[in-house]
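Examination of the molecular architecture
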Amino acid sequence: GAKWTYNGPDGEHHWPSNYPFCGGAFQSPIDFQTQLLRYVPNLPPIQVQNYNLSAHEQLTLSNNGHSVQLSLPPHMYISSLPHRYSAAQLHFHWGSSNLLTGSEHTVNGKQFAAEMHVVHFNSEKYPNISMAVDKHDGLAVLGVFIEIGDFNPAFDKFFKYINGIRYKDQKIQVPAFNIRQLLPAALNEYYRYDGSLTTPPCYPSVLWTVFRNPVTVSHKQFLALATALYASYAQDSAPMPLHGNYRKPQLTDSRVVQMSFND
Ligand SMILES: NS(=O)(=O)c1c(F)c(F)c(S(=O)(=O)CCO)c(N[C@H]2CCCc3ccccc32)c1F
Ligand SMILES: [Zn+2]
């Protein structure tokens, strides 16, 4: 499809001209205005299966020009949703080295330093993510807010390789690890709503689950993420740093946004 960026002439205000869904309804991310949300006491805790990958497995860490992504095997899945949703990849959104505000979802207007998304597809109904990506029940994404704080050994399992994928379309194989360690401890506290991909083509195909509790990475780890990557190719004469890769909050309209907690 047509090229798109987060800033400049191909930035998010222009996405709808090449990607009509981006100008449509049910868009993501959104701001969670907690006074307006609906507390649903029996929303079941998220249950994940086979997230504890063996170090003998290898995952592909790549720079796709829009984010850093880690491929995930489809035998990892979410078992607590109406259908089985199998893992496809995880990726990040962040600000810049001096802008510690780069999350996509916000809470009462508060933006976190970064946000991780673990993308899953409905493997009961669709054979792969490409067939699922534009279906109303196609995708389920787990969102995790990231704050600056203690060093995070789980993130370092792949952050330490980030200098091997500095430029667009570079990829390396990294040893797999326990992906559950990237999620917050409490999987029973989350926001839930129907939304979309936050990048073009912005299909309204995502059941969003954004966990209440952030995880931390150290300032040094965050700087590695925010300063190592380029959206341009290694041979490009004008290198374009990859940062600020977050879409602004969209209108909630008449959507009901649920929360599984009320304290
Ligand atoms: N925020 S978000 O909506 O979760 C989100 C992103 F922000 C994001 F950058 C990506 S991307 O890295 O693939 C680059 C642009 O599509 C995705 N990819 C998904 C949806 C598109 C098709 C596809 C195919 C295989 C694996 C993953 C995906 C994405 F879902
Ligand atoms: Zn994302």
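Scroll up to find the structure this text is about.
Conventions used here
Residues numbered from 1 in each chain as written. Chains lettered and ligands numbered in written order. Predicted model: local features only at pLDDT ≥ 70, side-chain atom pairs only at ≥ 80, totals over all residues. Heavy atoms only, no water. Core = buried A, V, L, I, M, F, W, Y, C linked by side-chain atoms within 4.5 Å. Buried < 20%, exposed > 50% of the residue type's maximum accessible area, 1.4 Å probe, protein only. Helix = DSSP H or I, 4+ residues; strand = E, 2+ residues; numbered from the N terminus. Contact = heavy atoms within 4.5 Å. Donors = N, O, S within 2.8 Å, 3.2 Å for Na, K, Ca; no water. Near = heavy atom within 4 Å. Polar contact = N/O pair within 3.5 Å; in protein donor to acceptor, adjacent residues only side chain to side chain. Areas by Shrake-Rupley, 256 points an atom, 1.4 Å probe, with all protein chains shown as cover. 1 Å grid on protein atoms, 1.4 Å probe; cavity = no way out; pocket = protein on both sides within 12 Å on 5 of 7 lines; lining within 4 Å. Points joined across faces, edges and corners; volume = space filled by probe spheres on them. Nonpolar A, V, L, I, M, F, W, Y, C, P; charged D, E, K, R; others polar. Salt bridge = Lys/Arg side-chain N within 4 Å of Asp/Glu carboxyl O.

**Some points on the nonpolar core**
Burial of nonpolar side chains together is a common tendency in soluble globular proteins. Ranked by size, the top nonpolar core spans 52 residues in total, and within it F92, W94, M116, F155 and I179 carry the most contacts. If one sorts the elements of this core by residue count, strand β7 (residues 85-94) sits on top with 5 residues. Contact partners of I179, with chain neighbours within four places excluded, come to Y51, L53, L59, L70, L72, M76 and L90. Judged by nonpolar contacts, the second largest core, of 22 residues, contains V119, F121, V210 and F261.

**Topic: the coordination of the zinc ion (ligand 2)**
At 2.0 Å from the zinc ion (ligand 2) lie its protein donor atoms, namely H91 (NE2), H93 (NE2) and H117 (ND1). We note that the donor set of the zinc ion (ligand 2) lies within a single chain, spaced as H-x1-H-x23-H. Of the two residues, H93 sits in strand β7 while H117 sits in strand β10 (residues 114-122), which places them 24 residues apart along the sequence. Of the two residues examined, H93 and H117, each falls in the buried class.

**Observations regarding the site of ligand 1**
Residues in contact with ligand 1 amount to 14 residues; listed here are only the nearest, N64, H93, L197, T198 and T199. At a separation of 2.7 Å, an oxygen atom of ligand 1 approaches a polar side-chain atom of N64. In this structure, a nitrogen atom belonging to ligand 1 sits 2.7 Å away from a side-chain N or O atom of T198. Taking 560 Å² as the accessible area of ligand 1 by itself, protein coverage stands at 83%. Those elements that place two or more of their residues in the shell around ligand 1 are β7 and β10. Ranked by residue count, the leading element in the shell around ligand 1 is β7, at 3 residues.

**Quick notes on the side chain of S96**
Turning to its location among the elements, S96 is positioned in the loop between β7 and β8 (106-107). When near neighbours in sequence (up to four residues on either side) are disregarded, S96 contacts F222, A226 and H243.

**Points about the layout of surface pockets**
When its volume is computed, the largest pocket comes out at roughly 610 Å³. Along the walls of the largest pocket sit 26 residues, with Q89, L197, T199, P200 and P201 positioned nearest its centre. Listing elements by their share of the lining of the largest pocket, those giving two or more residues are β7, β10, α2 (129-132) and β11 (139-148). Counting residues per element, the lining of the largest pocket draws most heavily on β7, at 3 residues. Here the lining of the largest pocket is built from residues that sort into 13 nonpolar, 12 polar and 1 charged. Forming the boundary of the second largest pocket are 20 residues, of which W4, T5, G65, A231 and M240 lie nearest the centre.

**Focus: the pattern of salt bridges**
A complete count under the given rule lists 7 salt bridges for this structure. When the shortest N-O distance is used, the salt bridge between K248 and E12 registers 3.1 Å. Taken as a pair, K248 in the loop between α4 (219-228) and β16 (258-259) and E12 in the segment before α1 (15-18) lie far apart in primary sequence, 236 residues in all. By relative accessible area, E12 is classed as buried at 11%. Here D263 makes a salt bridge to R212, at a shortest N to O gap of 3.0 Å. Residue D263 is found in the segment after β16, and its partner R212 is found in the loop between β14 (206-211) and β15 (215-217); the two are separated by 51 residues along the sequence. A residue is classified by how much of its surface remains accessible, and D263, at 65% relative accessible area, is exposed. By relative accessible area, R212 is classed as partly exposed at 23%. A single network of salt bridges, built from pairs that share partners, joins E189, R212 and D263.

Interpretation in functional terms is not warranted from these geometric data alone.
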